[in-house]
Number of protein chains: 2
Amino acid sequence: MPTESEIISRVRRRARVSGRVVLGIGDDAAVIETAPDANLLACCDLMIEGVHFRLDWSTPRLLGHKALAVTLSDIAAMGGRARFAMVSIALPPATSSDFVDEMLAGILELANRYEVSIVGGDTSASPGPVFIDTSVIGECEEGRFVSRGGAKPGERIYVSGELGSSAVGLRLLQMGIRVTADTGGGTRECLLKHLSPEPRLVLGEAIGRAGIATAMIDISDGLSTDLSHILEASGCGAVIRVADLPTAGCLGSLASTDSGIDPLNLVLHGGEEYELLFTSAATPAEVSDLATSLGVTVTEIGETTAASGLHVERNGVTELLEPGGFQHLAE
Amino acid sequence: MPTESEIISRVRRRARVSGRVVLGIGDDAAVIETAPDANLLACCDLMIEGVHFRLDWSTPRLLGHKALAVTLSDIAAMGGRARFAMVSIALPPATSSDFVDEMLAGILELANRYEVSIVGGDTSASPGPVFIDTSVIGECEEGRFVSRGGAKPGERIYVSGELGSSAVGLRLLQMGIRVTADTGGGTRECLLKHLSPEPRLVLGEAIGRAGIATAMIDISDGLSTDLSHILEASGCGAVIRVADLPTAGCLGSLASTDSGIDPLNLVLHGGEEYELLFTSAATPAEVSDLATSLGVTVTEIGETTAASGLHVERNGVTELLEPGGFQHLAE
């Protein structure tokens, strides 16, 4: 394992840092210029070997990417722009220098792409598993954040992208399937959705700026659970239409070859999708224009109701849906 | 181990939260109102069982206190005011609810005392050791932060409090001595300095506001190492006078009973003191007036020099001092 000062100098060499970072990595704390009339957004996420990932399932580069991606996704879900990040990493003493380099490369490539400045962090030996904790500071115009609690009855519910592939990816990994040079098609797509999710930062920020969402969350625990979080915080209910759910293309082909895969179950309850789920009182045209302008698929999947509870409508029948909490590997 | 939502509700119930926290724990990210004309300060610190602490040496309450204290100390060392904190905790599944409550109590008692709002965090099961990462966001007036790099030759060097007791505390713990109802006097003082350091937030903020320091750091790695950080960042050297070093009172009594304890070595190289070390071009009266007004002891211990290197003056002889890096338990 490289020393902390070696790790710091590697990060410094490769990180793109905004002009608003007055003092970056290397002092007691980073110093950042505040923006006028902004709200700060702050969040953090832990990823632990054996709980959230396994080293033999991924590569250090994908791991670094995912550790930062899941926290950036939280900023997206607030309608904000991610600006600054800190990364705390604990690694077993025998960790190779290459492993550290690759993990940093995964973190930095993602941070640089979204102009997120890495401003600090900490490193330590770990007497146990690999631990990564990422903290992100974002911003939005004052009052323009999108919480979970603003939905009202009669609004439309939207989700970005397609659902179910991350849960399939996890399933495939558990079955022993890995990303190799030969892995192609739907299998590759599902594995990478799980191992290397892309945070919806551009969409999230645009939704916040446009003021088009009344409530928003990212899907980390599964559509049913995360929509329930919105409904609880907002004090309303919802009906979602099974026929309208955007099912990832790879699910169909895999479901036909593996009878254990139930596409609808995965779409409704599969976690770690990192798609954005939001409610909106805007017209469907406003939402689709925004999505089209960004080249992102956004699908209307139902509406909020005055009656409480989460319901699904399927073949003309409406039933109560219990949230099916997504479980990480060992939680 | 309590669930994440149980932990969240316990924190929410007991945390004092500033009016600037628009949205606290429980959404995707916290929302904070920015202060006009301020610089943000951001830092984080990892504490890992077996590396930074042992469960049989401390109590969960002291552990929670220390995990936040070390990060608050970094904000103090920037001359800033700590405002907001996030805490990521990973615990073995068998961890008792009481352990979690006590650890949170230690964190919250310290946060509430300094009006630091806990605005977020993450929890997870740990398949290995206890892992705590605290992130703190602080503030100072624009441009009023104190980095490590501003010292110039011919300035006075000061340190707060007394030195050496944390290292003695660590030594006593390694020898099997614990804090019990019967532990008194110097032994208790040294053990608690190590297990429950008090961040110098009031002094640090006052130094920043008064613009009285040219460079500052907190002593986490030891006086010799941390002063060397200032000298490297500032591009100058220093002489410190052994006769002027503020040696913790408990060192003398323990040194006389344990021949293995060399007080000077501990004062020069002992880590985890979390005292503030700073350089100043102000008059000694200005510094002592500030310290007196806060009821804090601040001692002049030497001065910066144009000649590079860290030197000590002892009995009229000046010698080069090699930084003696403080080692955590297992790093």
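Up top is the structure these notes are about.
Attention in this report is confined to the structure presented alongside it.

About the cut-offs
Residues numbered from 1 in each chain as written. Chains lettered and ligands numbered in written order. Predicted model: local features only at pLDDT ≥ 70, side-chain atom pairs only at ≥ 80, totals over all residues. Heavy atoms only, no water. Helix = DSSP H or I, 4+ residues; strand = E, 2+ residues; numbered from the N terminus. Rg over C-alpha atoms; globule rule 2.2 N^0.38 Å. Buried < 20%, exposed > 50% of the residue type's maximum accessible area, 1.4 Å probe, protein only. Contact = heavy atoms within 4.5 Å. Areas by Shrake-Rupley, 256 points an atom, 1.4 Å probe, with all protein chains shown as cover. Least-squares fit on C-alpha atoms with pLDDT ≥ 70 in both. 1 Å grid on protein atoms, 1.4 Å probe; cavity = no way out; pocket = protein on both sides within 12 Å on 5 of 7 lines; lining within 4 Å. Points joined across faces, edges and corners; volume = space filled by probe spheres on them. Nonpolar A, V, L, I, M, F, W, Y, C, P; charged D, E, K, R; others polar. Buried area = accessible area lost by both parts, 1.4 Å probe. Salt bridge = Lys/Arg side-chain N within 4 Å of Asp/Glu carboxyl O. Polar contact = N/O pair within 3.5 Å; in protein donor to acceptor, adjacent residues only side chain to side chain. Patch = residues over 30% accessible without salt bridge, like charges linked within 9 Å, V, L, I, M, F, W, Y side chains within 5 Å. Lys, Arg positive; Asp, Glu negative; His and termini not counted. Charge placed at Lys NZ, Arg CZ, Asp CG, Glu CD. Pairing = 2+ DSSP bridges. Phe/Tyr/Trp six-rings, centres within 6.5 Å; stacked < 30°, edge-to-face > 60°.

**Concerning the overall build of chain A**
For chain A, the helix and strand inventory stands at 10 helices and 13 strands. Expected size for 331 residues packed as a compact globule is a radius of gyration near 20 Å; at 20 Å, chain A falls within 12% of this value. Its C-alpha atoms give chain A principal-axis dimensions of about 60 × 50 × 30 Å. When each of the 331 residues of chain A is scored for burial, the buried share is 60%. In chain A, the share of contacts with a sequence separation of at least 24, taken over all contacts with a separation of at least 6, comes to 85%. Accessible surface, chain A: about 12,200 Å² in total, of which carbon and sulfur atoms supply 49%.

**Digging into the relation of the copies chain B and chain A**
Each of the two chain copies can be generated from the other by rotation about an axis followed by a shift along it. With an axial shift of 0.0 Å and an RMSD of 0.0 Å, the rotation relating chain B to chain A amounts to 180 degrees. A rotation of that kind, with that shift, is consistent with a two-fold axis. For chain B, the residue whose C-alpha comes nearest the rotation axis is G128(B), separated from it by 2.5 Å. When the interface residues of chain B are mapped onto chain A, 98% of them again lie at the interface, so the same face is used by both copies.

**Let's talk about empty space enclosed by the protein**
Following the criterion strictly, the structure yields two cavities of 30 Å³ or more and no others. A volume near 80 Å³ is recorded for the largest cavity. Taken together, 12 residues line the largest cavity, and the ones lying closest to its centre are H52(A), F53(A), K66(A), H194(A) and L195(A). At the level of elements, α2 (60-77) and α5 (185-195) of chain A are the ones that each hand at least two residues to the lining of the largest cavity. Here the lining of the largest cavity is built from residues that sort into seven nonpolar, three polar and two charged. What the second largest cavity holds in volume is close to 70 Å³. M47(B), H52(B), F53(B), R54(B), W57(B), S58(B), L63(B), K66(B), H194(B) and L195(B) are the residues that line the second largest cavity. Elements represented by at least two residues in the lining of the second largest cavity include exactly α2 (60-76) and α5 (185-195) of chain B. The residue inventory of the lining of the second largest cavity, partitioned by class, reads five nonpolar, three polar and two charged.

**So, the environment of E109(B)**
Assignment of secondary structure puts E109(B) in helix α3 (residues 97-113). Between the alpha carbons of E109(B) and G64(B) there is a distance of 9.3 Å; along the sequence they are 45 residues apart.

**What to know about the interface of chain B and chain A**
How large an interface is tends to be reported as the accessible area lost when its parts come together. Counting from both sides, the interface comprises 53 residues of chain B and, opposite them, 52 residues of chain A. Surface buried jointly by chain B and chain A totals about 4,200 Å² across both partners, of which 62% is contributed by carbon and sulfur atoms. Here chain B is connected to chain A by four salt bridges. With its nearest N and O atoms 3.6 Å apart, the salt bridge here joins R148(A) to D27(B). Our count for the contact surface shared by chain B and chain A stands at 17 residue pairs in polar contact (both at pLDDT 80 or more). The set of elements that each furnish at least two residues to the side of chain B that touches chain A consists of β1 (21-23), β2 (30-33), β3 (38-48), α2, β4 (81-91), β5 (117-125), β6 (131-141) and β8 (215-218) of chain B. A total of 10 residues in the side of chain B that touches chain A trace back to one element, the largest contributor, which is β3(B). The residue inventory of the side of chain B that touches chain A, partitioned by class, reads 30 nonpolar, 12 polar and 11 charged.

**Comments concerning a negative patch on the surface**
Together, E33(A), D37(B), E141(B) and E142(B) give the surface a local cluster of negative charge. In this fold, E142(B) is placed in the loop between β6 and β7 (156-160). Residue E142(B) is classed as partly exposed on the basis of its relative accessible area of 47%.

**Section: the pairing of strand β13 (residues 317-320) of chain A**
Residue and element names in this part refer to chain A. Of the pairings in the sheet, the one linking strand β12 (residues 310-314) to β13 comprises four bridges and is antiparallel in character. In the strand pairing of β13, H311 is matched with L320. Taken together, β12 and the strand that follows it, β13, pair antiparallel across an intervening segment of two residues, in which N315 is found at a positive phi of about 50 degrees.

**Regarding the packing of aromatic side chains**
Counting across every chain of the model gives three aromatic pairs over all chains. Ring centres of F131(A) and F131(B) lie 3.8 Å apart, and the angle between their planes is 10 degrees; this geometry places the pair in the stacked category. Of this pair, F131(A) sits in strand β6 (residues 131-141) while F131(B) sits in strand β6, each in a different chain. Each member of the pair, F131(A) as well as F131(B), is classed as buried. Seen from their ring centres, Y158(B) and F278(B) are 5.3 Å apart, and the 20 degrees between their planes marks the pair as stacked. Taken as a pair, Y158(B) in strand β7 and F278(B) in strand β10 (residues 276-280) lie far apart in primary sequence, 120 residues in all. When its relative accessible area of 3% is taken as the criterion, Y158(B) is described as buried.

**Observations concerning the side chain of S88(B)**
Examined against the element boundaries, S88(B) turns out to sit in strand β4. Judged by relative accessible area, S88(B) falls into the buried class, the value being 0%. S88(B) has contacts with C44(A), L46(A), D133(A), G121(B), D122(B), F131(B), I132(B) and D133(B), leaving out every residue within four places of it along the chain.

**Thoughts on the side chain of D45(A)**
Here D45(A) is to be found in strand β3 (residues 38-48). Within the buried core, D45(A) has no salt-bridge partner, and the shortest N-O distance to an opposite charge, that of R148(A), equals 9.0 Å. Excluding residues that lie within four positions of it along the chain, D45(A) makes contacts with V70(A), T71(A), D74(A), I132(A), D133(A), T134(A) and D122(B).

**Considerations on the pattern of salt bridges**
By the definition in use, this model includes 39 salt bridges over all chains. Across the pair D101(A) and R14(A) runs a salt bridge whose closest N-O atoms are separated by 3.5 Å. Within this pair, whereas D101(A) is found in helix α3 (residues 97-113), its partner R14(A) is found in helix α1 (residues 4-14), the two being separated by 87 residues in sequence. In this structure D101(A) comes out as partly exposed when scored by relative accessible area, which is 23%. Its relative accessible area of 32% is what places R14(A) among the partly exposed residues. Between E300(B) and R156(B) there is a salt bridge; the shortest N-O distance is 3.6 Å. Taken together, the residues E300(B) in strand β11 (residues 298-305) and R156(B) in strand β7 connect sequence positions 144 residues apart. Where salt bridges share partners, they join R156(A), R241(A), D244(A), E300(A) and E303(A) into one cluster.

**A look at the environment of H52(B)**
Residues and elements named next belong to chain B. Within the secondary structure layout, H52 lies in the loop between β3 and α2. Its relative accessible area of 11% is what places H52 among the buried residues. Separated by 46 residues in sequence, H52 and D98 have C-alpha atoms that sit 22 Å apart.

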